[in-house]
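A structural walkthrough
So the chains spell out like this:
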Amino acid sequence: GGWSRMGLGDSWDVEEQEETDRARLISQRQGPPIHSIVLAVTLFLVGTGLLIVCILISTGGIDADYFFPGQGWKQPAFTFLALGLVSFVPGFYIARIAFYAWRGEPGFSFSQIPSVRM
């Protein structure tokens, strides 16, 4: 395997190669990537929960000093904010693509969702 030099008589058709690649991708994807969608929805829900906890700590709805003595409210709030955003953003992005692909909206397809092997 590897690279080989093309001769003068050889031709390389870009459109033919793109059609072959597209057909290979379509044959690999038979339906929606269920594992990826489950992971995205889980990340979305966990991120939402962490952001709600961040808001509750910031507004005083949860006493941060009870769970994190001597640290005030800023450090736990920013920790939950960072973890919430890291979970929420990719979860929302992939879940949104999956939802619109499921509805059949133009410009969205399940092939845009990266596959996760579990």
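As the structure is a prediction and not an experimental result, all values here were calculated from the model. (Residues numbered from 1 in each chain as written. Predicted model: local features only at pLDDT ≥ 70, side-chain atom pairs only at ≥ 80, totals over all residues. Heavy atoms only, no water.)

1. Focus on the overall build of the chain
Counted only if it meets this: Helical segments are the DSSP runs of H or I of at least four residues, strand segments are the runs of E of at least two, and each set is numbered from the N terminus. To sort residues, take the accessible area from a 1.4 Å probe on protein chains only and compare it with the maximum for the residue type: under 20% means buried, over 50% means exposed, and anything in between is partly exposed. We call two residues contacting when some pair of their heavy atoms lies within 4.5 Å.
For the chain, the count of helices and strands is 4 helices and 0 strands. Ordered by position from N to C terminus, the α and β elements of the chain give α-α-α-α. A buried classification covers 19% of the 118 residues belonging to the chain. Considering only contacts within the chain whose residues lie at least 6 apart along the sequence, 60% involve residues at least 24 apart.

2. Description of a nonpolar patch on the surface
Going by this rule: Each patch groups residues whose relative accessible area exceeds 30% and which form no salt bridge, using 9 Å between like charges and 5 Å between nonpolar side chains of Val, Leu, Ile, Met, Phe, Trp and Tyr. Per-residue accessibility takes into account occlusion by the displayed protein chains alone, with areas from the Shrake-Rupley method and a 1.4 Å probe. What counts as a salt bridge is simple: a side-chain nitrogen of Lys or Arg found within 4 Å of a carboxyl oxygen of Asp or Glu.
Residues Phe78, Leu81, Leu85 and Val89 make up a contiguous nonpolar surface patch of about 350 Å² in total accessible area. Of note, Phe78 is situated in helix α4 (residues 74-103). Exposure remark for Phe78: the relative accessible area of 53% places this residue in the exposed category.

3. A closer look at the packing of helix α2 (residues 34-59) against α4
The condition is simple: Lines fitted to C-alpha atoms define the axes, with helix axes restricted to the stretch in contact, and inter-axis angles between N-to-C directions lie between 0 and 180 degrees. Throughout, a crossing is termed right-handed when the near helix is turned clockwise from the far one, and left-handed when it is turned anticlockwise from it by less than a right angle. Only Asp, Glu, Lys and Arg are considered charged, only Ala, Val, Leu, Ile, Met, Phe, Trp, Tyr, Cys and Pro nonpolar, and every remaining residue, Gly among them, polar.
The geometry of α2 relative to α4 is characterised by a closest axis approach of 6 Å and an angle of 145° between their N-to-C directions. In this structure, α2 meets α4 at a crossing whose hand is left-handed. A breakdown of the residues in the contact of α2 with α4 according to their chemical character gives 21 nonpolar, 7 polar and no charged.

4. Digging into the environment of Ser36
Let me state the cut-off plainly: The definition of a polar contact used here is a pair of N or O atoms within 3.5 Å, where within protein one atom must be able to donate a hydrogen and the other to accept one, and adjacent residues in sequence count solely through side-chain atom pairs.
Relative to the helices and strands, Ser36 is located in helix α2. For Ser36, a relative accessible area of 4% puts it in the buried group. Other than its neighbours up to four places away in sequence, Ser36 contacts Ile94, Ile113, Pro114, Ser115 and Val116. A distance of 2.7 Å separates the side chain of Ser36 from the backbone oxygen of Pro114, its partner in a polar contact.

5. Some details on the environment of Gln112
Among the secondary structure elements, Gln112 is positioned in the segment after α4. Other than its neighbours up to four places away in sequence, Gln112 contacts Ile97 and Gly107. At 3.2 Å, the side chain of Gln112 forms a polar contact with the backbone oxygen of Gly107.

6. Here we look at the packing of aromatic side chains
Short version of the rule: Aromatic rings from Phe, Tyr and Trp, with only the six-membered ring used for Trp, were paired whenever their centres fell within 6.5 Å, and each pair was classed as stacked if the ring planes differed by under 30 degrees, edge-to-face if by over 60, and tilted otherwise.
This structure, assessed with the given rule, holds 6 aromatic pairs. Measuring from ring centre to ring centre gives 5.0 Å for Tyr100 and Phe108, while their planes differ by 40°; the resulting arrangement is tilted. Ring pairs connect the aromatic residues Phe99, Tyr100, Trp102 and Phe108, which therefore count as one cluster.

7. Remarks on the confidence of the model for the chain
Quick reminder of the rule: Each residue carries a pLDDT value, the predictor's own confidence for that position, ranging from 0 to 100.
Mean pLDDT over the chain stands at 83; residues scoring 70 or higher make up 74%. No element of the chain has a lower mean pLDDT than helix α1 (residues 14-28), which averages 62, and none a higher one than α2, which averages 94.

8. Some words on the side chain of Ser87
Here Ser87 is to be found in helix α4. For Ser87, a relative accessible area of 11% corresponds to the buried category. Look past the residues within four positions of Ser87 in its chain and what remains in contact with it is Leu43, Phe44, Val46, Gly47 and Leu50.

9. Comments concerning the pattern of salt bridges
Taken as a whole, this structure holds 1 salt bridge when the rule is applied. Residues Arg103 and Glu105 are paired through a salt bridge, measuring 3.0 Å at the closest nitrogen-oxygen approach. A relative accessible area of 47% means that Arg103 is categorised as partly exposed.

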